[in-house]
Every structure is written in structure tokens, then in C-alpha cells.
Amino acid sequence: MTIRFAAATIHTTGEDVDDRSVSSQTDSDYAEEDNNFEDWVSDQAQNQSCRSLFEDKAFPSAAAARAHDKDVHNFELRTISAKLELDLHQRIRLINFIRKHASTSEDIGNLTGAETFFSSDEYLIPQIEDDPLLQLEMDDWSDDEDLSSTNQRPTPPADLPSALRQMQLLERKLAQAHQDMAEYRSLVGQQFDAGRFAEIINEPSSSSAGPSPRDDDTHYFSSYCENDIHAVMIQDKVRTSTYASFILTNPILFRDAVVLDVGCGTGILSLFAAKSGAKHVYAVDASDIAEKAEQIVKENGLENVITVIRGKVEEISLPDDVEHVDIIISEWMGYALLYESMLDSVLQARDRFLKPERGVMAPSQCRIMFGLCEGSEILKERVGFWSDVYGFDLSIMANNVYEDAIVDVVGPESMASEPYLLKDLHLKDVTSRQLDFTSQFTLVSTTPKRTKIHAFVLYFDTFFTTTGEPVPPEVPVKVTKEGDVTLAEVWPVGGKAPPQRRASTGPGLKQKEDRRVTSFSTGPCSQPTHWKQTIFLLRDPIHAEDGTIVTGSFYCKKSATNSRELDVEIHYSVRQNAETTAVGETVVQIYKVR
């Protein structure tokens, strides 16, 4: 989509503006039913033996188990549910999550309510058959303090209107409770035999379930099960050799370190870390590739150093004796850097597991770069091709080309400006909320003669440091060329072993490591990577010459329909040169990165 506005001055403060969304809730009325709480739970369920959430110890009732957890573990279900504002389904998921992963009360105390398991149907399946904690009377689950904050009955109403209001409130709560339990039973019934559960609840076993929550993850994780995608990534010499170089040439950092590899895939980064002297590596992946990674670890005789964990990093637990890790390594970058939204998972891993003081993120920093691109070859391949196909006009096929970002390689000669820094991400302290952003830009054409600019181009530069501190702006990124030493050392050719360096432990090595910056670029001037570049074709080209100025705003946020895709808006206007005060109309183009 392209939108045009009359000529106006574009705000160019250069500051990022976080994109915030505000959600609202509406109240719903529920049909009144002539029921009471005795219809909900039988005496059998109330008096059934119940296991503690945090110990393998049984108690005569759910109330006794909850009292034990409160006294011994300082954990109260009602308190954490109120703190996180959990509904019935989320509370059930929390109980099943604790039981499945043997979480500690400290782990649960650190939850924010935004964890993915709170919306996963996997955790609607009881971990213990007939778990009494899942069958509590509804007043135990109530969010209303006037009805649930005390075991005492409400004060009797003083007059008839008060009595009617209180009765209506209780009837609405009862109807809501019936609906919640029916929806829960229906969801569990899809994957679990709900017969015994229905007997305890003493309710009809059939009910209509609400709409299933959107699933942005299944296809994403299944796409990483096949060999081809891992071959492409590992054969990306710029990518793999830079990771190898950072890990293998910083022995002091990795020696005796506990390392977490987020999204380990085949486990190649974990193997590098083990080779560099790591004390232990926890390799985590939620896709089926984790099974092959485990076999790879055994084949290489490193099962005592590397532990593969299958699951989402937001939900897994490390062994009880491992509270924090020293280093998190991950190759999380996607097209346009943020496509696939894997960085959100890495940041959650950082907040859960990385040592607060001296922990290191690898990579430690990424910069999103933006520029003008002549782009005539891309235009010819993606648009011009359709205008004459064996003598037929198929140009309608090119209509949507301008709505989707194109991932392709453009050469250095196609760049028509110096790159502009759109967003600088410091992995040590960036938050997920800051990944939706707005940045202003100013691009100055460097074309020696009048040229048509058909596209904007975006790429990213990645930096690794042993301290995790930001790289100064004046430090350039390494632009890798075919045949560079880095490639030759970690990518031996013809079966020859790579050159071996004698290990050094001299007093100055730590200082050298601290000053060393390892980096790579995915830009047009570097050897192409599997990320290529992200190209935003313009419906109407910019007519530029040396000194033409293009100013505007770049908006980026997660897609509302799929959180792993990106929605991008580019607003721009053109000024012919620095001396000209007249600014052209503002053009807005909207794109999907998917």
C-alpha cells in the first residue's frame, strides 16, 4: 500500500519511539441458573488426598497441601493468582506447569504472567490424574476479595435491595464458574480422557469450547526439523566462522564456564563451547532437531559436557544446582534481524538464567542499517519479468510485490547512499517492548549522476565482546571477503586440518580478550550470508543525484496476525540538496516481512 500526503516537514529528532498498545476489557452478562456450589464438587473431591506442588509428599486434602506449601515454601496459590491476574484456565496451566517441570517457589515468584505456557493447551492436561488442586471450589479461585479473601460468609444484607443485589452477584459468579469449567473440560477432552474428570465434577460431559488460541509457534518450530535449513546455516561461512572465531579464540572467557545455547539446532555452537573449555553446556531447542543434537553430542563423546534439553526456553528448568549461567550463546537473528521474533525468547533466557553482574551475551550487540538502493535488477526480476511472458501480459502478478519485503542479495554497486543506523540493540539490557520501534532517518544520495532509486535496503551488523559492553560507534564492523583468514582457519579445505595455535595463559591475555571485538556484516559490501538483505521496493522511484536528501520515519512492529512476522511502514520525503528548502510530498509505503 502507498499513501501520499501534501509536502510537509518530517519530524527528524532521531529518537526511537516505543510502540505501545492499550487493551481494553468489556463486561459480559451471563444467564442466571438455579444452581448452588454443591453441584460443582463432590465430597469425594474435597476430601481426596493431594500432593504438594513442590515436594513428593501427599496430604489428606487440597487445603492441607496448600497450607503446607504456604508454611514451608512461602507459596500461596491465591496470592500468585491475584498478583498475575490469572483467570481459571491460566491458574490450571500454572498448577500443571509446576508439576511437570518441578519448579521451585522462587521460580514461580519470578513469573510475570506473560510466559507462553499461560496460553498453551499443553498445560491444560492434568499432570496428576484427578488432581484435587484442579477441582477446588470456585470460591477458592475467586478474584473478588469480598467473596474469597476470607473463609467467613458475607455479612447478611440489611435490607431487601441489598439482598437482591448480593443474590444477583452470586448468580452471575456461579454462571461464570459453570462456563469456565465447561470450557476447560472441553479443551482437556480434546487430548485427554475426560470421563473420570466429568464424574468428579458431576456435570454433563459435552460443552462447546471457545475459539482456540492462535498458534504462532507450531509451524515455526517444525520448520527447523529438516536437514536443509541447518545445512544452509552451517554452510554460511560468515555466520559460522565468526561464531567459531569468537568462541575458540577467547579461552579465558569459556574455560570452566557454564554456557546456555538457546535454539541450539544441531548443537554446533555447543560443540564449539565445549571445545573451548566450557565446564558444562546446556543446549536448548523446542523442535525435533533436539533429538539429532543429542545423538551428535554422543557421537562426538561430549555427553558429559553438553546436556540437550528439549523444550521452549521460557518453560524449561535447569538442574537444581544450576542457578545461573556465565554465558548465553544463540544464533537468533532472522531476516531484517527481527523476523521470527526469536530474540524475545533469548531475552527471557537472559532474565531467567544469566548471571546479573558478569554474565555475557553472545552476540552482545546488533545494529540495523538502512540505505538507498538503486535496485534496477531486482525491479526487473520481480516486476518487469511479468510484463512479457511468451508474448502475454501477466503484469497483474507483480501487484503484490510492493507489499512484501524482498529477501535477496544486492551488490555493493547498487548502494546509493551511506548506510544509516536505524536501531542499535545492546543485548545486555534491551527489552522485548523495545523491539517494536520507530526511528527517524536521513539518507544522502551518493550517486555520481542522476539516477532512479527503486528501493530502500536494510541489513544488520553483529558484534561479540567478552565483556558484553557496547561497542563504541567509531569501531567499524568487519566486512568479510572470500578467502579471509577467519574463513580459512575454521573452514579447512581439502581435508586439511586448520592451523593450531598454542594455548596461552599469560597475564596479558585477559586484557587482550577484553579489548577484542569480533563482528560480521550482512550488508552488500560483505560476502553474502544466508540472511541476504531485506529490500523494500518503491512503487514510484526517487529521482536522485549526488546530494539528494531523503528523510523520513521507519516504523517496525510485530504483526498483529502472526507475532513472528513484522509489519513495516516507511514514511519519506525528498529534498533535492542541502541548499534547497522545498520538501516534496510525504510518501507512505506499508510492507510485510514474512
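Structure first, text after, so check above.
Quantities reported herein were computed from a predicted structural model and do not represent experimental measurements.

Parameters and conventions
- Residues numbered from 1 in each chain as written.
- Predicted model: local features only at pLDDT ≥ 70, side-chain atom pairs only at ≥ 80, totals over all residues.
- Heavy atoms only, no water.
- Axes fitted to C-alpha atoms, helices over the stretch in contact; angles between N-to-C directions.
- Helix = DSSP H or I, 4+ residues; strand = E, 2+ residues; numbered from the N terminus.
- Parallel < 35°, antiparallel > 145°, perpendicular 65-115°, else oblique.
- Left-handed = near helix turned anticlockwise from the far one by under 90°.
- Contact = heavy atoms within 4.5 Å.
- Nonpolar A, V, L, I, M, F, W, Y, C, P; charged D, E, K, R; others polar.
- Core = buried A, V, L, I, M, F, W, Y, C linked by side-chain atoms within 4.5 Å.
- Buried < 20%, exposed > 50% of the residue type's maximum accessible area, 1.4 Å probe, protein only.
- Pairing = 2+ DSSP bridges.
- Phe/Tyr/Trp six-rings, centres within 6.5 Å; stacked < 30°, edge-to-face > 60°.
- Salt bridge = Lys/Arg side-chain N within 4 Å of Asp/Glu carboxyl O.
- Arc of directions from axis to C-beta.
- Patch = residues over 30% accessible without salt bridge, like charges linked within 9 Å, V, L, I, M, F, W, Y side chains within 5 Å.
- Areas by Shrake-Rupley, 256 points an atom, 1.4 Å probe, with all protein chains shown as cover.
- Lys, Arg positive; Asp, Glu negative; His and termini not counted.
- Charge placed at Lys NZ, Arg CZ, Asp CG, Glu CD.

Asks: So, the packing of helix α12 (residues 237-248) against helix α14 (residues 268-275): which residues are in play, and what are the values?
Replies: At a closest axis distance of 9 Å, the pairing of α12 and α14 adopts a crossing angle of 25°. Considering the angle they form, α12 stands roughly parallel to α14. Relative to α14, the crossing made by α12 is right-handed. Along its contact with α12, which presents Thr240, Tyr243, Ala244, Ile247 and Leu248, the element α14 presents Leu269, Phe272, Ala273 and Lys275. Counted by class, the contact of α12 with α14 contains seven nonpolar, one polar and one charged residues.

Asks: Requested: an account of the nonpolar core, with residues and values cited.
Replies: Soluble globular proteins: nonpolar side chains tend toward being buried together. Counting residues in hydrophobic clusters, the biggest one holds 95 residues, and the most contacted among them are Phe370, Phe441, Phe456, Phe536, Phe554, Ile570 and Tyr572. Counting residues in each nonpolar core, the second largest holds 25 residues, with Leu77, Leu86, Leu133 and Leu134 among its members.

Asks: Give me the sheet that holds strand β8 (residues 327-329): which residues, what numbers.
Replies: Ordered in space as β7-β6-β5-β8-β9, the five strands form an open sheet in which the pairing is parallel. Strands with a single pairing partner mark the edges of an open sheet, and in this sheet they are β7 (306-310) and β9 (360-362). Averaged over all adjacent pairs, the angle separating strand axes in this sheet is 20°, with direction ignored. Pairing geometry for strand β6 (residues 280-285) and β7, over five bridges, is parallel.

Asks: Break down the packing of aromatic side chains for me, with residues and values.
Replies: Summed over the entire model, instances satisfying the criterion amount to 20 aromatic pairs. For the pair Phe370 and Phe441, a centre-to-centre distance of 5.1 Å together with 65° between the ring planes defines the contact as edge-to-face. Separated by 71 residues along the polypeptide, Phe370 in strand β10 (residues 365-373) and Phe441 in strand β13 (residues 437-444) bring together distant segments of the chain. Both residues of the pair, Phe370 and Phe441, belong to the buried class.

Asks: Can you explain the pattern of salt bridges? Please cite residues and give values.
Replies: A full pass over the atoms with the stated rule returns 19 salt bridges. When the shortest N-O distance is used, the salt bridge between Glu55 and Lys57 registers 3.5 Å. Accessibility expressed as a relative area gives 24% for Glu55, which makes it partly exposed. For Arg239, the salt bridge goes to Glu331, with nearest N and O atoms at 2.7 Å. Of the two residues, Arg239 is situated in helix α12 and Glu331 in the loop between β8 and α16 (342-353); the sequence distance between them amounts to 92 residues. In terms of burial, Arg239 and Glu331 fall into one category: buried. Each of the salt bridges in this network shares a partner with another, and the network as a whole consists of Asp288, Glu291 and Arg310.

Asks: I'd like a description of helix α15 (residues 289-299), backed by residues and values.
Replies: Of all the residues in α15, the buried ones are Ile289, Ala290, Ala293 and Val297. Here the buried residues of α15 occupy an arc of 100° about the axis, which is enough to place them on one side. Along α15, the residues that are exposed and aim more than 90 degrees away from the buried face are Gln295, Lys298 and Glu299. Against the buried residues of α15 lie α11 (227-234), β6 and β7. Just past α15, the residue Gly301 takes up positive phi, approximately 65°.

Asks: How would you sum up the pairing of strand β19 (residues 586-593)? Please name residues and give values.
Replies: Among the eight residues that make up β19, six are buried, leaving the element largely enclosed by the rest of the structure. Summarising the sheet, strand β18 (residues 566-575) and β19 pair through seven bridges and their orientation is antiparallel. Looking at β19, one finds that Tyr572 is bridged to Val587.

Asks: Before we move on, could you go through the environment of Ser61 and cite the residues and values that matter?
Replies: Inspection of the secondary structure assignment puts Ser61 in the loop between β4 (58-59) and α2 (62-73). Along the sequence, Ser61 and Ser49 sit twelve residues apart, while their C-alpha atoms lie 5.0 Å from each other.

Asks: Mind laying out unusual backbone geometry, listing which residues take part and the relevant values?
Replies: Working note: non-glycine residues mostly have negative phi, and peptide bonds are mostly trans. The linkage connecting Ala362 with the following residue, Pro363, adopts the cis geometry, with an omega of 5°. If you trace the backbone, Pro363 turns up in the loop between β9 and β10. Of note, the phi angle at Leu337 is positive, near 70°, even though the residue is not glycine. Residue placement: Leu337 occurs in the loop between β8 and α16. Accessibility expressed as a relative area gives 1% for Leu337, which makes it buried. The backbone phi angle of Ser341 is positive, close to 55°, even though this residue is not glycine.

Asks: I'd love a proper account of a negative patch on the surface, names of residues and values included.
Replies: Among the surface-exposed residues, Glu106, Asp107, Asp320, Asp321 and Glu323 lie close enough to one another that they form a single negatively charged patch. Within the fold, Glu106 resides in helix α5 (residues 105-109). Relative accessible area serves as the criterion here: at 55%, Glu106 is assigned to the exposed category.

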